[in-house]
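Understanding the architecture of this molecule
Read off the chains here:
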Amino acid sequence: MQNKPAASPLIPIDPRARGGLQKQIYAGIRRAILNGTLRPGARLLSSRAMAADLAVSRTTMLLAMDQLRAEGYVTARRGSGMFVVDELPDDLPQPPVRINKPAATHPPLSRRGAALSATPPASRRLTGPPRAFRIGSPALDLFPRRVWSQLVRRCLKSLPAAGLDYGDPAGLPALRAAIAAHVGASRGTHCDADQVFIVAGAARGLDLLCRVLLDPGDLVWLEEPGYSGAWSAALGAGARIHPVRVDDEGLDVAAGAGSAPAARLVFVTPSHQYPLGVAMSLPRRLALLRWAGSAGAWVLEDDYDSEFRYSTHAVPCLHGLDTGERVIYVNSFSKNLFPALRLGFIIVPKDLRRQLFSSRSAADMHPPVLDQMVLAEFMEGGHFERHVRRMRAVYRERLEALAAAAERWCGGALRLRPVRTGLHAVADLVGVDGESVYREAAARGVEVTPLSAYYWGEAQPVEALVMGFAAVDPAALNLGMERLAAAIEAAARPTSRRRAD
Ligand SMILES: Cc1ncc(COP(=O)(O)O)c(C=O)c1O
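Residues numbered from 1 in each chain as written. Predicted model: local features only at pLDDT ≥ 70, side-chain atom pairs only at ≥ 80, totals over all residues. Heavy atoms only, no water.

This paragraph deals with the overall build of the protein. A tally of regular secondary structure across the protein gives 16 helices and 14 strands. Rg of the C-alpha trace for the protein: 31 Å, well past the compact-globule value of 23 Å for 501 residues, more than 25% over. Viewed in the frame of its principal axes, the protein has a C-alpha envelope of about 95 × 65 × 50 Å. Across the 501 residues that make up the protein, the buried fraction comes to 47%. In the protein, 73% of the contacts between residues at least 6 apart in sequence involve partners at least 24 apart. Taken as a whole, the protein presents about 24,500 Å² of accessible surface, with 54% of it coming from carbon and sulfur. (Helix = DSSP H or I, 4+ residues; strand = E, 2+ residues; numbered from the N terminus. Rg over C-alpha atoms; globule rule 2.2 N^0.38 Å. Buried < 20%, exposed > 50% of the residue type's maximum accessible area, 1.4 Å probe, protein only. Contact = heavy atoms within 4.5 Å. Areas by Shrake-Rupley, 256 points an atom, 1.4 Å probe, with all protein chains shown as cover.)

Quick look at the structure:
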């Protein structure tokens, strides 16, 4: 007992309060014992030390302690000092007990809120660090943290006091200029820096755009299969969602125009359809722009992972083809840098800037200025280009490892579709369904997502898996594939045999 560190509760003392110091000290220590701050058996600091801590006389302190002892809260042990008693007498007031109240009957969610909360994210993440075949994660361990942390230090040091104030609602001008230069050089489109808005990730950009561009009940085309972030953004704006099928040429514009000609907005991933991975053909791109022009609709182009190309030249973005100011370009730094950064950007027509500016100010104002400064310097210093170039080589190697491992472990049971861009692949399953494989794989610590998770409408999904290949190295991909092969085998067994196993 003597070896326990001595405790002294923090007691607020007000010399002017009624009742005197002795009463305040007594009440403070009693409260600390009853609420568990001073635990049973705890040794208290000596009265001399506590009196010094509280800046009261030792006599005052001794009188307060005498009262606590007389009431049975503390006890003295010869030669060791004062201790909180091990057990409080039954008739003493006990610490308040938490009672499990019945669930509060608060008013219900809005229909939108209920629909949003019922929408599960498509990708099926297991908890824990990156693993084979996580979707949406770049190689986080290869991010140049040293350069980034040097820039953080430098930016923080050079930030004037005024830089701690609210910033520009469109985003840091230096970052917007760096982004305008980047898309001009690598995405085949042109914009002025003042058309660029910095957002807290592409998902936030889509949400902002849907709220500004749509009225409740408006029709929106979403690709099917497609990105659940776009689904949530449209739902959040109260829109009616019209899924439009995707084939080898991307979004089927004629199907959309035939079934929902009055749509106000279309969401597309033309460079690398999410999740199927096909690039939208030029005739389809032109048809989409023509239709949007005649229908008076907006096109939101999500260009989320187009920097990573393996066998073809860059497919220029749809925005670069648009002469009618219908296309709003959305991109993210989650894939080419890291998702926790929560930075992305949108490029809007010039006449939309003012409205967006006001709506933005009424919502999140702008992402953190310091992060924007660091990213601007990262881009201006050439680190962004260097990192993307380096990662392109790394991901190409990982993609080759994925294909080799699929061949080695799964043979004909898993057929990878060609991958030319991005960080994930689609693999067709033969004779087994994706949901069962997902469950068997998860039980073996392997993360795959059934393609069916990206369908919302009537369309019948084929049995396939969506598999990320960027997050872990070739050895981990190979090990993951060995386990996935076992999962596919287990999923192919009749249910009764699987249960018995
Ligand atoms: C199709 C698509 N667009 C955009 C994003 C990126 O969103 P954010 O920038 O909000 O991380 C993702 C992320 O997984 C995605 O799959």
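Here we take up the pairing of strand E12 (residues 424-429). With five of six residues buried, E12 lies mostly within the body of the structure. Of the pairings in the sheet, the one linking strand E11 (residues 414-416) to E12 comprises three bridges and is antiparallel in character. Paired with Leu414 across the strands is Leu429, a residue of E12. Bridge count for E12 against strand E14 (residues 464-468) is five bridges, and the pairing is antiparallel. Within E14, the position partnered with His424 by the bridge is Gly468. (Pairing = 2+ DSSP bridges.)

Okay, helix H3 (residues 58-70) next. Helix length check: H3, at 13 residues, gives a terminal C-alpha distance of 18 Å against a target of 18 Å (1.5 Å per residue), a fit within 8%. Those residues of H3 that sit buried are Thr60, Met61, Ala64, Met65 and Leu68. The buried residues of H3 all sit within an arc of 130° when viewed along its axis, so they share a single face. Seen from the open side of H3, the exposed residues pointing more than 90 degrees away from its buried face are Thr59 and Ala70. Turning to H3, the residues buried within the fold contact helix H1 (20-34), helix H2 (47-54), strand E1 (74-77) and strand E2 (81-84). Two residues or fewer past H3, Gly72 is found with a positive phi of approximately 90°. (Expected span 1.5 Å × (residues − 1). Arc of directions from axis to C-beta.)

Right, let's get into the nonpolar core. Phe133, Phe333, Tyr395, Leu414, Met467, Met481 and Leu484 are the most contacted members of the largest nonpolar core, which totals 71 residues. No other element matches helix H13 (residues 383-410), which puts eleven residues into this core. The contacts of Met481, once residues within four sequence positions are left out, are Phe133, Leu402, Ala405, Ala406, Trp409, Cys410, Leu414 and Met467. (Core = buried A, V, L, I, M, F, W, Y, C linked by side-chain atoms within 4.5 Å.)

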